[in-house]
Amino acid sequence: MVMGNPEHEAASFAAPREESRAADRDQLDAAGEEEMPPEPPTAKRARSESESSLAGGDRLSDLPDGLLHAVLSFLPAPQMVRTSVLSRRWVDLWRTAPCVNADMAEFGITSLSFHRNLEQRWSKFEAFTTSLLLLRSAAASLDKFRLCAPGRFPQDVDRWVRHAIECCPRVLEVHIWIPPAVVFPSPLLGANSHRLKRLQLCVVCLDGQFAELIRSGCPVLEKLELHGCTQTFHEISSRKLKSLIVMTCGDLAGDAVVIAAPPS
């Protein structure tokens with residue numbers, strides 16, 4: 001995968017002009033509504049009960065932002081954005097939510113349906129995820145970013161992961177469930193990973209810089225998980241690492257990998 005031009009990438013994530021809140025929500029809805037699965041009956045009942053309770057006072061909306069953000073953290077990104085229609089109190093909460101979960105399955109992209117209308121489904125997923133990151137508040141911290149996407153569209157995946165790393169998350173999960181693998185943008189870790197405590201990568205190519213940046217650029221990293229990845233480094237060293245999971249990963253050079261971590 002070829003890395004993009006930094007100036008172009010920065011421009012692609014430049015802050016958009018101020019738009020109305022309704023227009024922003026409509027933009028996200030338009031990006032993903034055609035591929036969204038039908039709302040389950042339980043969700044419809046819950047929404048109906050919530051709407052009925054508004055007449056007697058919306059007690060849920062009276063909760064502090066921290067608790068409401070905790071609620072949003074359990075939702076996939078499309079459902080998180082949909083909460084903006086609940087009441088005026090919820091209109092902007094998704095913009096400052098500390099957790100973002102962008103999953104291709106929410107747009108009907110799975111291993112079983114991969115060859116059916118993939119371009120159309122991906123177009124919706126790409127438009128939604130890009131708009132979500134653009135419209136998210138730049139002042140809000142990003143504690144967790146989870147991305148599940150196919151490796152067939154590496155430029156989009158690379159752009160989103162780079163944007164997430166630049167937000168200095170505590171938890172970063174990148175799942176490429178359908179090969180080919182994408183190249184993880186390792187160089188960004190050095191400058192933006194001082195808060196990173198958990199890193200989980202699935203079907204990602206890791207270059208020779210990855211291990212060095214884990215050692216020197218991730219001072220508080222406690223959990224590292226590598227699933228189905230390929231790597232060219234020969235050592236993993238970390239001062240704070242408490243948990244290391246490596247499953248079905250391949251060394252392109254065929255050599256052993258040395259693990260250096262503090263005793264448990």
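Residues numbered from 1 in each chain as written. Predicted model: local features only at pLDDT ≥ 70, side-chain atom pairs only at ≥ 80, totals over all residues. Heavy atoms only, no water.

### Focus: the packing of aromatic side chains
Enumeration over the complete set of coordinates arrives at eight aromatic pairs. When the ring of Phe107 is compared with that of Phe125, the centres are 5.4 Å apart and the planes differ by 45°; the resulting orientation is tilted. Of the two residues, Phe107 sits in the loop between strand E1 (99-103) and helix H6 (118-135) while Phe125 sits in helix H6, which places them 18 residues apart along the sequence. On the basis of an interplanar angle of 50° and a centroid distance of 5.5 Å, the ring pair of Phe107 and Phe128 is categorised as tilted. Of this pair, Phe107 sits in the loop between E1 and H6 while Phe128 is found in helix H6, placing the two residues 21 residues apart along the sequence. (Phe/Tyr/Trp six-rings, centres within 6.5 Å; stacked < 30°, edge-to-face > 60°. Helix = DSSP H or I, 4+ residues; strand = E, 2+ residues; numbered from the N terminus.)

### Describing H6
Its 18 residues place the ends of H6 25 Å apart at the C-alpha level, agreeing with the 26 Å of an ideal helix rising 1.5 Å per residue. Listed as buried for H6 are Leu118, Arg121, Trp122, Lys124, Phe125, Phe128, Thr129, Thr130, Ser131, Leu132, Leu133 and Leu135. (Expected span 1.5 Å × (residues − 1). Buried < 20%, exposed > 50% of the residue type's maximum accessible area, 1.4 Å probe, protein only.)

### Some words on the nonpolar core
Ranked by size, the top nonpolar core spans 59 residues in total, and within it Phe125, Phe184, Leu199, Leu201 and Phe210 carry the most contacts. For this core, the element with the highest residue contribution is H6, accounting for seven residues. Each residue touching Phe125, except ones within four places of it in the same chain, is listed here: Ala102, Asp103, Met104, Phe107, Ile109, Leu147, Cys148, Ala149 and Trp160. (Core = buried A, V, L, I, M, F, W, Y, C linked by side-chain atoms within 4.5 Å. Contact = heavy atoms within 4.5 Å.)

### With respect to the side chain of Ser61
Structurally, Ser61 can be placed in the loop between helix H3 (41-53) and helix H4 (65-72). On the basis of relative accessible area, Ser61 is assigned to the buried category, the value being 8%. A distance of 3.4 Å separates the side chain of Ser61 from the side chain of Ser87, its partner in a polar contact. Ignoring any residue separated from it by four or fewer positions in sequence, one finds Ser61 in contact with Leu68, Ser87, Arg89 and Trp90. (Polar contact = N/O pair within 3.5 Å; in protein donor to acceptor, adjacent residues only side chain to side chain.)

### Focus on the sheet that holds strand E4 (residues 182-183)
In spatial order, the strands read E4-E6-E8-E11; together these four strands make up an open sheet with parallel pairing. Strands at the two margins of the open sheet, each flanked by one partner only, are E4 and strand E11 (250-251). Note: strand E6 (residues 204-206) against strand E8 (residues 230-231), two bridges, orientation parallel. Residue pairing for E8: Cys205 is matched across the bridge by Thr230. (Pairing = 2+ DSSP bridges.)

### Some thoughts on the environment of Trp90
Mapped onto the fold, Trp90 is located in the loop between helix H5 (77-82) and E1. With near-sequence residues (within four places) excluded, Trp90 lies in contact with Asp58, Leu60, Ser61, Leu68, Leu72, Thr83 and Ser84. Looking at Trp90, its side chain comes within polar contact range of the side chain of Ser61, at 2.8 Å.

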